[in-house]
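Spelled out, the chains give:
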Amino acid sequence: MALRTLVTRKALGNSVAFRQQLRGLQTYTLPDLPYDYGAIEPAISGEIMQLHHQKHHQTYVTNFNKALEQLDDAINKGDAPTVVKLQSAIKFNGGGHINHSIFWKNLAPIREGGGEPPKGSLGWAIDNHFGSLEALVQKMNADGAGLQGSGWVWLGLDKELKRLVVETTANQDPLVTKGSSLVPLLGIDVWEHAYYLQYKNVRPDYLKNIWKVINWKYASDIYEKECP
Amino acid sequence: MSRSAFCSSGSNLVPKTTEALNPLNRPKKHHYLNGRQRTNLYQKNHRASKVLAYYGLRSPPYKLDALEPYMSQRTLEMHWGEHHGGYVDALNKQLAKNDLLYGCTLEELIKVTYNNGNPLPEFNNAAQVWNHDFFWESMQPGGGSSPILGLLQQIEKDFGSFTNFREKFIDAALKLFGSGWVWLVLKREEKHLAIVKTSNAVNPLVWNDIPILNLDMWEHAYYLDYKNDKAKYANVFMNHLVSWNAAMARMARAQAFVNLGEPKIPVA
C-alpha cells in the first residue's frame, strides 16, 4: 500500500520510459562503442564513426522506440490498420538498431586484434567452404560493391544446415529476412553514410580496407556457440 | 531485321543517340596508305564494322559552383562527375555487349529494361542517368519560392495549398527508407498531381506517369554538405534550389498529353 502511494505518476513526472516499463514495454538504448571513435583509423575515420554511432544509430534507436510505443497503443486499442502500417517503420528502424549493434562488435582496433584472421573452428569452416579467407573476402567485397543502393553484406551461419553463407540484405533488413535459421557472424554496412566522407564514391576501397579492422574473435565466438 | 527488337523507334539504318558521340571514343582518322592497302582496309572495316551508340554525360544548365552555398561545388563535382558520369560509362559498357537494346531513346530503354518490375541489369544505369539529368534541371541558382499561374493552380487544386504540398514533399523525403528519390508527378490515368517516393533507381516513367520535379535522397546527394541532416537538405532544396521554371515548362508540355480540365468552349 505504502509503496503504491509513493510511486505515483506525478511524483515521478512524465517519464516515458518509466511508463513504458510499467506497461511492460521494452525500450532500446544506444549501446556504447567498445573503443574510441578514432581507434579504427585509418580504415574508418573518427568523424565517420562518431556520426555513424551518435547520429545514425541513435536515430534508429529513437525511431524504433517511438514506433514500438505507437504499436503498443494500437494493439491496446485494437487498431489493426495502424498495427499493420507500423510494420515497415519497425522493420526499418529496428533492423537498423540490430544491424548496427552487431556492426560495432564486428570492428576492433588493430592493437586489440582487429584484422587478425580467424583461427579455430571458424577458420577451418571458412577454408572448407570458401577455399580460403582471401576467397571469402573477395566474394564479400564483390557482393558488397555490387549492391545497388543501400544495404549490408553478411557472413552468416545457417545453424540448421551448419553451413556458412554470404548474403546481402537491402536497406536495414536484418539477416534473418533472408532465412530464419541464419545467424549473423559478420556484417559490413555498405550504406553510403558508412564510408562517404572518407572514401567518397569508391566503395571498393572502403571494402578493401575494412578487413584490417574486422574483429574475427567475435565472429568465432558466435560460431563456436552455435556449432560446438 | 530490325536491330533493336525492343524499341518501337528502332531501325537498322542508323543507330539513334540521345547525346553527342562520346568524345573519348571518337573514331580516329584513317591513315592514307597506298591504293591497294586502302581498299583492303576499307573492305575489312566495312565487313567488320560495328556501329556503336553512346549516351553522353549531359552537363547541368549552370556552372558547378552556381548552387553554392546550398549545394557545394565539391558535391556537384562528385555527384555529377563521379556518380552520374559513372552511370553513363557503365551503361555504355553494358550496351556495347548487348546490341539488342540499341536504337532506343533513354526513356524507352528505361521502360523496356524495367521489364515490369523484374529489371534487367541495364535498368539501374539507364534510369539513374535519366534521373540525374532530370535532377540537375530541376534545380537552378536562385531557386525556391513558389510556382505561379497554371502550375500553382493545379498544386492548390490537388494539395489544398502550396504550403501543404511543400510539407508533404519534405515529409516524403524524410520518410523514405534507404536510397531513393522523391517526385512531383502528373498521374496520367488519374489526371492529377501527386508526390511519389521511389527506391534506388526507379522513376515514375515506368508507370507511364509524367515527372515534374525530383529530389535525390541518396546519401551521396547531401552527405558532404549536410551529413545526416536530411531535414535541412530537403528544406534547403525547397527554399533555395528547386526550379519552378523547369517545373512549369514540364507541366506545360505534360498538358499536351493529359487533359486536365474541361476545355473552355466559348458560347457563340
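Treat the numbers as computed from the prediction; the structure is a model and nothing was measured.

Right, let's get into the packing of helix 2 (residues 73–97) of chain B against helix 4 (residues 121–137) of chain B. Residue and element names in this part refer to chain B. Between helix 2 and helix 4, the least distance of the axes is 9 Å, while the angle of their chain directions is 145 degrees. For the pair helix 2 and helix 4, the crossing hand works out as left-handed. Contact residues: L76, H79, W80, H84, Y87, V88, A90, L91, Q94 and L95 in helix 2; P121, E122, N124, N125, A126, Q128, V129, H132, D133, F135 and W136 in helix 4. Grouping the constituent residues of the contact of helix 2 with helix 4 by class yields 12 nonpolar, 7 polar and 2 charged.

So, about the UniProt feature "domain: Manganese/iron superoxide dismutase N-terminal" (unreviewed entry) in chain A. If you check UniProt for "domain: Manganese/iron superoxide dismutase N-terminal" (unreviewed entry), the listed places come out as residues 27–108 of chain A in our numbering. Taken end to end, residues 27–108 of chain A comprises 71% helix and 0% strand; its first and last C-alpha atoms sit 27 Å apart.

Residue and element names in this part refer to chain A. For N215, the location among the structural elements is in the loop between helix 10 (203–210) and helix 11 (216–226). Given the relative accessible area of 14%, N215 is considered buried. N215 sits 108 residues away from L107 along the chain, and the two C-alpha atoms are 4.9 Å apart. Apart from the residues within four sequence positions on either side, N215 is in contact with K105, N106, L107 and A108. From its side chain, N215 meets the backbone oxygen of K105 in a polar contact 3.1 Å long.

Right, let's get into the side chain of H56 of chain A. On the secondary structure map, H56 of chain A appears in helix 4 (residues 46–77). Those residues in contact with H56 of chain A, other than ones at most four positions away along the chain, are L51 and H193 of chain A together with E219, Y223 and N228 of chain B.

This part takes up the pattern of salt bridges. Counted under the stated rule, the structure contains 8 salt bridges over all chains. With its nearest N and O atoms 3.7 Å apart, the salt bridge here joins K91 of chain A to D173 of chain A. Of the two residues, K91 of chain A sits in helix 6 (residues 87–106) while D173 of chain A sits in the loop between strand 2 (163–170) and strand 3 (182–189), which places them 82 residues apart along the sequence. With its nearest N and O atoms 3.1 Å apart, the salt bridge here joins D171 of chain B to K175 of chain B.

Residue and element names in this part refer to chain A. With antiparallel pairing, 3 strands are arranged side by side in an open sheet as 2-1-3. A strand with exactly one partner marks an edge of an open sheet, and here the two such strands are strand 2 and strand 3. Across this sheet, the average inter-strand angle for adjacent strands is 25 degrees, counted without regard to direction. Where strand 1 (residues 151–158) meets strand 2, 8 bridges bridge the pair, whose relative direction is antiparallel.

With 8 bridges joining them, strand 1 (residues 180–187) of chain B and strand 2 (residues 192–199) of chain B adopt antiparallel strand pairing. Note that in strand 2 of chain B the partner of K187 of chain B across the bridge is H192 of chain B.

Applying the stated rule across the entire model yields 26 aromatic pairs over all chains. Measuring from ring centre to ring centre gives 5.5 Å for F103 of chain A and W104 of chain A, while their planes differ by 45 degrees; the resulting arrangement is tilted. As far as burial versus exposure is concerned, F103 of chain A and W104 of chain A are alike and both buried. With 5.2 Å between their ring centres and 50 degrees between their planes, Y114 of chain B and F123 of chain B make a pair best called tilted. By the burial criterion, Y114 of chain B is buried, and F123 of chain B matches it. Residue placement shows R250 of chain B over the ring face of F134 of chain B; its charged tip is 3.6 Å from the ring centre.

Residue and element names in this part refer to chain B. On average, residues of chain B score 84 in pLDDT, and 80% of them reach the 70 mark or higher. Here residues 10–48 is modelled with pLDDT under 50, and outside its nearest four sequence neighbours on either side it reaches 33 contacts, counting other chains as well. Across the whole predicted complex the pTM is 0.84, and at the interface the ipTM reaches 0.85.

The next subject is the UniProt feature "domain: Manganese/iron superoxide dismutase C-terminal" (unreviewed entry) in chain B. Cross-referencing UniProt, the feature "domain: Manganese/iron superoxide dismutase C-terminal" (unreviewed entry) maps to residues 151–249 of chain B in the present numbering. Secondary structure within residues 151–249 of chain B divides into 49% helix and 23% strand; the distance between the first and last C-alpha atoms comes to 9 Å.

What counts and how
- Residues numbered from 1 in each chain as written.
- Chains lettered and ligands numbered in written order.
- Predicted model: local features only at pLDDT ≥ 70, side-chain atom pairs only at ≥ 80, totals over all residues.
- Heavy atoms only, no water.
- Axes fitted to C-alpha atoms, helices over the stretch in contact; angles between N-to-C directions.
- Helix = DSSP H or I, 4+ residues; strand = E, 2+ residues; numbered from the N terminus.
- Left-handed = near helix turned anticlockwise from the far one by under 90°.
- Contact = heavy atoms within 4.5 Å.
- Nonpolar A, V, L, I, M, F, W, Y, C, P; charged D, E, K, R; others polar.
- UniProt positions renumbered as here; feature names shortened; annotations may be inferred.
- Buried < 20%, exposed > 50% of the residue type's maximum accessible area, 1.4 Å probe, protein only.
- Polar contact = N/O pair within 3.5 Å; in protein donor to acceptor, adjacent residues only side chain to side chain.
- Salt bridge = Lys/Arg side-chain N within 4 Å of Asp/Glu carboxyl O.
- Pairing = 2+ DSSP bridges.
- Phe/Tyr/Trp six-rings, centres within 6.5 Å; stacked < 30°, edge-to-face > 60°.
- Lys NZ or Arg CZ within 6 Å of the ring centre and 35° of its normal.
- pLDDT = per-residue confidence, 0-100.

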